[in-house]
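# Chains, contacts and geometry: an overview
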Amino acid sequence: MTHPRRTIPALLLALLTSCGGGGGGGGGPGAATFVPELVAAALDGNAVLLLFSDAVEASGAVLDAEDLAVGGGTFGSTAVPAPTRIDDRSLRIELAQDALLVAGRSTVALTAAQDAIRARGGGPRAAATATPLVLTQADGEAAVADLLTLNAIDRELAGTGAAVGLLQVPPAGFTIDVGWSDPSSPVDAAATILLADRAVGTSGGLVAPGANLARVLSAPLVAGARARFAVPAGVAFPPGDLTLTALNADASGRPAAPATFRLRIVPNSAAIRPTETEQVWALTFDRDIERFEFQTGGGLPGLRIDPTPNGVPDAFDALAAVGLWYANPLPGVQGGLDSNEFVLAELQGRIGVELEALFEGVAVRFTFDDLGSFPAGAVAVPYASFGFSRLCIGGAASSSPTGTLGAALFDPNNQTQDDNAAVLQAGDRLGVFLHTLVAFGLRSGTASLFRQTFDPLTPGFGGTPVGAVADDRLRLTDALNDARTAAIAQAIRRMARAIAVVVAHECGHSMGLVANGAMPGGLFGGDPGNFPGSTSLHIATPALFPTDAQNVMSPAIDFDRAMSPATGFNSLNLAYLREQALYDLK
Amino acid sequence: MRALLLLLSSLAALAPGTPAQLRHAIADAPLVVIARHVGVRPLGNDYFLHRYETAETLKGEAPPTFTIAERKRIADLPQPKPGPDRLLCLRPDRGAADLPASFAPYLIGTGHAGGDPVVDEGPATASFRQLVRVLLESERGRGSSRTAADLVELALRGQGPARVEASEALRERTALRDAISSFGRDDLLLAAVGESEDIERKISLASLCAEAGQKGVVEAMCIALQSVDDPRLARAVGRIARHAHGEGAFAVLEPFLRQARGGVHDRLLLAVGATGTDGALAALLALRSRDGASAALDAALRAHGAPRALEAIGGQEPTEAGGQRR
């Protein structure tokens, strides 16, 4: 194993790519016009379906040969009736008895002179069709949207589940996710038309209601029948409530059933944003108020808490119980580090890697570097007034054993920098409590993952701590690879993962998770009615995770599930941390 | 006023496979009572004072009334839960020294998940009351054999969370585990095999059987993997095999793996990986070399966790078969 980094690299906000498509709203600032184009035409029994690029309406004028040019067939001898509306972008024309159109051969095109079809709301006439479109044969089944959400937020958390709510997002920087299913024909998700019922701003002017927003969004990421459209920085949705409508058609030309999604846009002021430019967390191990002693009183293994500081951080005392810290370490393992220091560096490096994964896309940085002390007498100071928050990875939650893995200040909207390395005046301790983590693990059965991972190193169970044998110097530096080398690496890796999950949970609280109540007032915390098992400031969402993984902000964490790479923040919590979803200012 | 919004939140530890930790709360708390929430009042900007009446004392010497101080600014754990009577596992609240003496004594929970169950007339309550009685009698010196027999009975025929708590209590205490009779072990294995709905219970019972020295657990659970599609069970089978057979774990799993197809084969691969043994690693690497990468093989190697296993799959951490977020 190689020497790890001490400082965890910065996690940067994923930058949205530049606006794709182009065109769209047309006109300069204040303009709200767009010109719909005919993009597909299909035969559906005794009718023709016309699909447009944007929302359209029939003007009321007669549709005749001056409007619609037909090739390879005829609309027949009688006048074509006015088109009828199927959805915002689709019209239906009933054919005369003697019409003769053949799918795959006949073509249609709007002429430059047409005056029968125009943009919705009395807008300009639909454009002439540059290249006549070959009629397809519409099949029997319409596609349906099986997904329409923002930021990949699960249905249950997006205001579309039993918990209701109204998803609130900033004017830009969020994604629109759509997915289509159709048993009879493929659907091109990238061809989704997105309409808003209110004008959306762009650097080139307003995009009017009814204009296809997809033009001004980033080119979609497509996977099968699903597409993700990103709202780039140059586009701004208007504050307030609005409805998005997603439209599409299957490959046969049959319009899909329209889907709608209600959302609320809130200006993303510094006060309501959780991370702003970047949240820095200084992690420390430096609390020393007790020491721990392995015991098997009553046959139940545990760590007795002795209220005597011993000059060793309490966290290391807990690690010593599972052999990751040793009273007489091997000196000079690498770069002047003894075996304890080397293991600690490895552990810190792995914690950093795990936190980086858990907070992917979040403007947060974790460091074990000493950034200094917190302002005297304060546990929370205005966010912009100080450079970082702190969290102690400590020993016990209390002077007597508890089941508490961590405790942190809850900071709605992350308006303050918080000192979770503090022991408060009343005696309440903040931070992550390795005593609980280790004591629980030691109590678990010998066939448990914890025991099988740490028993080879646990002195209380006959194991040999890291650094207790000379060859560990070789093992730590990869000069000797045997079963013990693997056991040591695995123990460090799993301990780091468990610590990282708890750190993520506690830092999550101090960044605003999980505000009680439905969106937009909260993030569905404290709602056991809709999310059974939830408690105040926590949310249990087992149905949204595999059975062997869990939501980081659950009320309780278990060691096995913490190991799963699928364990993480739920989709709404992650969107909040990424500033893609914001709850009301508290 | 900003500071008033700061609340202390907390996170309970949950042992693997155990939905509740009442047994630990009982062990760690000097006072165990059934109590009635009789009122709450604010105290300044910082506290809610929850008043309780003791209805029944199960451990320690309980005062007739007491207070749990809920911090508004620094809400401590566990949060009091107004409503029906609950079993509470309590300790002195050292952080309440400055609160009004007229509401003393101040107590606080131990923070164990499931450590404050509702007390009602249902069968689950009857079971956890039985669990509490058995554990407290054990604390007072009752013999291991009788305690073990009671816990086995509870693990087999109890209701609600107390079943798994009883099973885990046996797993955690060597003396109790060793005191399980051979009939008890047989019954526990039968229950493990027969459990089809509560996977946590199935795993707990199977693990207990293996840890108690029962023969045939691995074989029985390999057969169970044919009908139970849950990665938790597959991993548990691997760990049980390692516990029971050490480095020989793969040899026990291998015949089942050879005969299995499709999803059952994938689950057995995961079990092989979860043994964490050298033999399993060699077999998985050989399979990957012969058949190429697959999601199931990579999941098995990830479950193995040795550096060589992770290197083989490119050191990648996330996403596995069954590990993709839903």
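Cut-offs and rules
- Along each chain, residue indices are assigned from 1 in the same order as the chain's sequence is written.
- Just so you know, chain letters begin at A and ligand numbers begin at 1, following the order they were written in.
- Where totals are concerned, whole chains, interfaces and linings use all residues; where local detail is concerned, this predicted model gives features only for residues with pLDDT of at least 70, and gives and counts side-chain atom pairs only at 80 or more.
- Hydrogens are left out, water is left out, and the side-chain values use all remaining heavy atoms of the structure.
- Numbering of helices and strands starts at the N terminus; helices are DSSP runs of H or I of at least 4 residues and strands are runs of E of at least 2.
- Relative accessible area decides the class of each residue, using a 1.4 Å probe on protein chains only: under 20% of the type maximum gives buried, over 50% gives exposed, and in between gives partly exposed.
- Every accessible area reported is derived by Shrake-Rupley at a probe size of 1.4 Å, with residue values counting cover from the shown protein chains alone.
- Only four residue types enter the charge count, namely Lys and Arg as positive and Asp and Glu as negative; His and the chain termini do not.
- In this description, the location of a charge corresponds to atom NZ of lysine, CZ of arginine, CG of aspartate or CD of glutamate.
- DSSP-based pairing: two strands are paired if at least 2 bridges between them are found.
- For helices, the axis comes from a line fit to the C-alpha atoms of the stretch in contact; other axes are also lines fit to C-alpha atoms, and the angle between any two N-to-C directions lies between 0 and 180 degrees.
- Confidence of the predictor at the level of single residues is captured by pLDDT, which takes values from 0 to 100.
- Throughout, a residue-residue contact means that at least one pair of heavy atoms, one from each residue, lies within 4.5 Å.
- Working definition: a ring pair exists when centres of Phe, Tyr or Trp rings (six-membered ring for Trp) sit within 6.5 Å. Plane angles under 30 degrees give stacked, over 60 give edge-to-face, the rest tilted.
- Throughout this description, a polar contact denotes any pair of N or O atoms lying within 3.5 Å of each other; where both atoms belong to protein, one of them has to be capable of donating a hydrogen while the other can accept it, and for residues adjacent in sequence the pair is counted only when both atoms sit in side chains.
- Each angle receives one of four descriptions, namely roughly parallel if under 35 degrees, roughly antiparallel if over 145, roughly perpendicular if within 65 to 115, and oblique otherwise.
- Each residue receives one of three labels: charged for Asp, Glu, Lys and Arg, nonpolar for Ala, Val, Leu, Ile, Met, Phe, Trp, Tyr, Cys and Pro, and polar for the others, Gly being one of them.
- Criterion for a salt bridge: a side-chain nitrogen of Lys or Arg within 4 Å of a carboxyl oxygen of Asp or Glu.
- The nonpolar core is taken to be a set of buried Ala, Val, Leu, Ile, Met, Phe, Trp, Tyr and Cys residues, with the residues joined through side-chain atoms within 4.5 Å.

### Focus on the overall build of chain A
Across its full length, chain A carries 8 helices and 31 strands. With the principal axes as the frame, chain A shows a C-alpha extent of 100 × 50 × 45 Å. Relative to its full complement of 586 residues, chain A shows a buried share of 59%. Summing over all exposed atoms, chain A offers an accessible surface of approximately 19,800 Å²; the carbon and sulfur share of this is 55%. Where the 36 positive side-chain charges of chain A centre and where its 56 negative ones centre are 1 Å apart.

### Digging into the sheet that holds strand β18 (residues 226–230) of chain A
All names here are of chain A. Judged by pairing direction, the sheet is antiparallel, and its 4 strands sit side by side in the order β11-β13-β18-β17 without closing on themselves. A single partner strand is all that each edge strand has here, and the edge strands are β11 (144–150) and β17 (221–223). Neighbour-to-neighbour, the strand axes of the sheet open up by a mean angle of 15 degrees, direction not taken into account. Pairing of β17 with β18, which is carried by 3 bridges, proceeds in the antiparallel orientation.

### Overview of the confidence of the model for chain B
Residue-level pLDDT values for chain B average 89, and 88% of them are 70 or greater. Segment residues 1–8 of chain B: pLDDT under 50, and 38 contacts once partners within four positions in sequence are set aside and those in other chains are kept.

### Quick notes on the packing of aromatic side chains
All names here are of chain A. Per the counting criterion, the structure on display carries 15 aromatic pairs over all chains. Measuring from centroid to centroid gives 5.0 Å for Phe 374 and Phe 386, while their planes differ by 70 degrees, and the two rings are edge-to-face. Residue Phe 374 is located in the loop between β25 (364–367) and β26 (380–382), and its partner Phe 386 is located in the loop between β26 and β27 (389–394); the two are separated by 12 residues in the primary sequence. Members of the aromatic cluster, connected to one another through ring pairs, are Phe 285, Phe 316, Trp 325 and Phe 368.

### Brief notes about the side chain of Glu211(B)
Locating Glu211(B) in the fold gives a position in helix α7 (residues 199–211). At a separation of 2.8 Å, a polar atom in the side chain of Glu211(B) contacts the side chain of Arg171(B). When near neighbours in sequence (up to four residues on either side) are disregarded, Glu211(B) contacts Gly445(A), Thr446(A), Ala447(A), Ser448(A), Arg171(B), Arg177(B) and His243(B).

### Comments concerning the sheet that holds strand β6 (residues 107–109) of chain B
All names here are of chain B. Overall, antiparallel pairing links the 5 strands, which are arranged β4-β3-β2-β5-β6 in an open sheet. Each of the sheet's edge strands pairs with one partner strand only, and the pair in question is β4 (65–71) and β6. Taking the axes of each pair of neighbouring strands and ignoring which way they run, one obtains an average angle of 50 degrees across the sheet. Here strand β2 (residues 31–43) pairs with strand β3 (residues 47–59) via 11 bridges, running antiparallel. Bridge assignment links His 37 to a residue of β3, and that residue is Tyr 52. In this fold helix α2 (residues 123–139) packs onto β2, β3 and β5 (86–92), with an angle of close to 70 degrees to the strand it touches most, β3.

### Remarks on the packing of helix α10 (residues 249–259) of chain B against helix α11 (residues 262–274) of chain B
All names here are of chain B. In contact at an axis separation of 10 Å, α10 and α11 are set at 170 degrees when each is read in the N-to-C sense. It follows from the interaxial angle that α10 and α11 lie roughly antiparallel. The residues of α11 that touch α10, namely those facing Phe 250, Leu 253, Phe 256 and Leu 257, are His 265, Leu 268, Leu 269, Ala 271 and Val 272. Looking at the contact of α10 with α11 residue by residue, the class counts come to 8 nonpolar, 1 polar and no charged.

### Focus on the pattern of salt bridges
Side-chain pairs of opposite charge can arise whenever the charged atoms involved come near each other. Evaluation of the coordinates by the stated rule reveals 50 salt bridges over all chains. With a shortest N-O distance of 2.5 Å, Arg264(A) and Asp241(A) are connected by a salt bridge. Remark: Asp241(A) occurs in strand β20 (residues 240–247) and Arg264(A) occurs in strand β21 (residues 259–265); sequence separation between them is 23 residues. The exposure class assigned to Arg264(A) is partly exposed, which follows from its relative accessible area of 29%. One salt bridge in this structure joins Arg267(B) and Asp229(B), with 3.2 Å as the shortest N-O distance. Note that Arg267(B) is positioned in helix α11 and Asp229(B) in the loop between α8 (217–224) and α9 (231–245), a separation of 38 residues in sequence.

### Focus: the nonpolar core
One broad trend across soluble globular proteins is that nonpolar side chains are buried collectively. The biggest cluster of nonpolar side chains holds 123 residues, and the ones touching the most others in it are Ile176(A), Phe237(A), Leu324(A) and Phe359(A). Sorting elements by how many residues they give to this core places helix α6 (residues 483–509) of chain A first, with 13 residues. Excluding its chain neighbours within four sequence positions, the residues that come into contact with Ile176(A) are Leu148(A), Thr149(A), Leu150(A), Leu194(A), Leu217(A), Ala227(A), Arg228(A), Phe229(A), Val231(A), Phe237(A) and Leu244(A). By size, the runner-up hydrophobic cluster in this structure holds 82 residues, among which are Ala25(B), Ala166(B), Met221(B) and Leu233(B).

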